[in-house]
Amino acid sequence: MPELPEVEVLVRHLRPLVCGRTIRGVTVRRARVLAPTSPDQLQRSLRGATFTGLSRRGKYLVFELRPPGKRVPLILVGHLGMTGRMYLTPRNAPLPKHAAVVLNLGRERFVYEDPRYFGRLTLDSRALARMGPEPLSEDFTSAAFGAALTRFRQAIKVKLLDQALVAGVGNIYASEALFRARIAPQLAARKLGRTQVQALRRTIREVLTEAIRFGSTIPLHHGEKRSGDGLFYFGRAAGAADYYTERLRVYDRKGLPCLRCQTPIRRIVQAARSTFYCPVCQKRGANPNQTQAKSV
DNA sequence: CACCATGTTCCTTG
DNA sequence: CCAAGGAACATGGT
């Protein structure tokens, strides 16, 4: 589930549910998601602490807590990896098979589950310091974006996944933003023209903003659809509603006609990740400075 | 069995 | 410092 929009929707959903709640106990079932924090350390820090805030940075969830009897806030950092979920359930509800960490909140429990255990729930907040600008904030200017891009000869698609360049863009929205900006994914980052940089900045924001708006209309409570929390399903996932895939114009559409020109969409592999694009609409040709970019 | 998967990090080699 | 490739993490879906 995790790219910036999914995390944003989750944060908005979770914030009012956790704020004000006090942690009575901590159960760690998979220590690796805490590292380098130890289970013992997490338990000592969180027991008795009260949630005072929840925000997002890139794809990270940032929980703020007030430890018992203290004034200095405590930061708990979460990440969903590829398959993580975080939600509240009644105390007596059965735990999912891959529950990694469970926080006892009294009547309810906060569950972080993750079948692949790629995600995190830790006191180690160093990852936040390495983040680039928030794409939806004022900090994300095309001047700064363009200047940063000139330092790399790597393909633009690969650089879009670099969280130090811009925070929160993942594999799906990288392809989507490039398609809308009509930029070939193979184009070296430093080769983007000014117009292309501006277009890409705009389509990144567009794609993320639309996804957030769209996601916010999705039922956020578990129990409704299937497999727990009905937040964002993707593609062929169980119970996947195509409301998600309908939003995607190129991702996972290999061989299907481009929505602009009918040319079959291609799939290539870059840095060991799938990239989808239209070979006609997204040209790597000369004159990148002249490239016009409009959304389809 | 094979291949694929929304992510990040670390490692090697150049 | 950068590039490119790979592997690792671990599980599930098709």
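Before any of the text, the structure's been laid out above.
Since we're looking at a predicted model, the values are computed, not measured.

Definitions and cut-offs
Residues numbered from 1 in each chain as written. Chains lettered and ligands numbered in written order. Predicted model: local features only at pLDDT ≥ 70, side-chain atom pairs only at ≥ 80, totals over all residues. Heavy atoms only, no water. Helix = DSSP H or I, 4+ residues; strand = E, 2+ residues; numbered from the N terminus. Buried < 20%, exposed > 50% of the residue type's maximum accessible area, 1.4 Å probe, protein only. Contact = heavy atoms within 4.5 Å. Areas by Shrake-Rupley, 256 points an atom, 1.4 Å probe, with all protein chains shown as cover. Expected span 1.5 Å × (residues − 1). Pairing = 2+ DSSP bridges. Axes fitted to C-alpha atoms, helices over the stretch in contact; angles between N-to-C directions. Parallel < 35°, antiparallel > 145°, perpendicular 65-115°, else oblique. Left-handed = near helix turned anticlockwise from the far one by under 90°. Nonpolar A, V, L, I, M, F, W, Y, C, P; charged D, E, K, R; others polar.

S.K.: I'm lost on the overall build of chain A in this one. Help?
M.R.: Scanning chain A from N- to C-terminus turns up eight helices and ten strands. A buried classification covers 52% of the 296 residues belonging to chain A. A separation of at least 24 residues holds for 64% of the contacts in chain A among residues at least 6 apart in sequence. About 13,900 Å² of surface is accessible on chain A, with carbon and sulfur atoms providing 49% of the total.

S.K.: In this structure, what is going on with unusual backbone geometry? I would like to understand it.
M.R.: Where the residue is not glycine, phi is negative for most of them; where a peptide bond is considered, it is trans in most cases. For the bond running from A35 to P36, omega is 5°, close enough to zero to count as cis. Looking at the secondary structure, you find P36 in the loop between β1 (25-28) and α2 (39-46). Backbone geometry at A271 places phi at a positive 50°, although glycine is not the residue there. Assignment of secondary structure puts A271 in the loop between β9 (266-270) and β10 (273-277). In this structure A271 comes out as exposed when scored by relative accessible area, which is 56%.

S.K.: What am I meant to see in helix α1 (residues 4-18) here?
M.R.: For an α-helix the count is 3.6 residues per turn, leaving residues at separations of three or four pointing the same way. An ideal rise of 1.5 Å per residue puts 21 Å on 15 residues; α1 measures up with 20 Å between its terminal C-alpha atoms. Of all 15 residues making up α1, eleven are buried, and the element is well covered by its neighbours. By the burial criterion, the buried members of α1 are L4, P5, E6, V7, E8, V9, L10, V11, H13, L14 and V18. Where α1 terminates, the next one or two residues include G20, which has phi positive at roughly 95°.

S.K.: How should the sheet that holds strand β6 (residues 99-104) be read in this particular structure?
M.R.: In a beta sheet, neighbouring strands pair by backbone hydrogen bonds and run either parallel or antiparallel. Across the sheet, which stays open at both edges, the four strands sit in the order β1-β6-β7-β5 with antiparallel pairing between neighbours. Each edge of the open sheet carries a strand with a single partner, namely β1 and β5 (85-90). Here the strands of the sheet are splayed against their neighbours by 20° on average, with no regard to which way each runs. Both β6 and strand β7 (residues 108-113) contribute to a ladder of five bridges, which runs antiparallel. Of the residues in β7, the one forming a bridge with V101 is Y112. Of the strands in this sheet, β5 and β7 are in contact with α1, which crosses β5 at around 35°. Each of β1 and β6 is contacted by α2, which is oriented at about 160° to β1, the strand it contacts most.

S.K.: Looking at this model, I keep getting lost on the packing of helix α6 (residues 171-181) against helix α7 (residues 194-215). Mind explaining?
M.R.: To describe two helices that pack against each other, one gives the angle between their axes and the distance between the axes. Between α6 and α7, whose axes approach to 8 Å, the crossing angle comes to 125°. Here α6 lies oblique to α7, going by the angle between them. For the pair α6 and α7, the crossing hand works out as right-handed. Between α6 and α7, the residues in contact are Y173, E176, A177, L178, R180 and A181 and A199, L200, T203, I204, E206, V207, L208, E210 and A211, respectively. By residue class, the composition of the contact of α6 with α7 is ten nonpolar, one polar and four charged.

Everything listed here is a matter of coordinates, which is why it stays silent on function.
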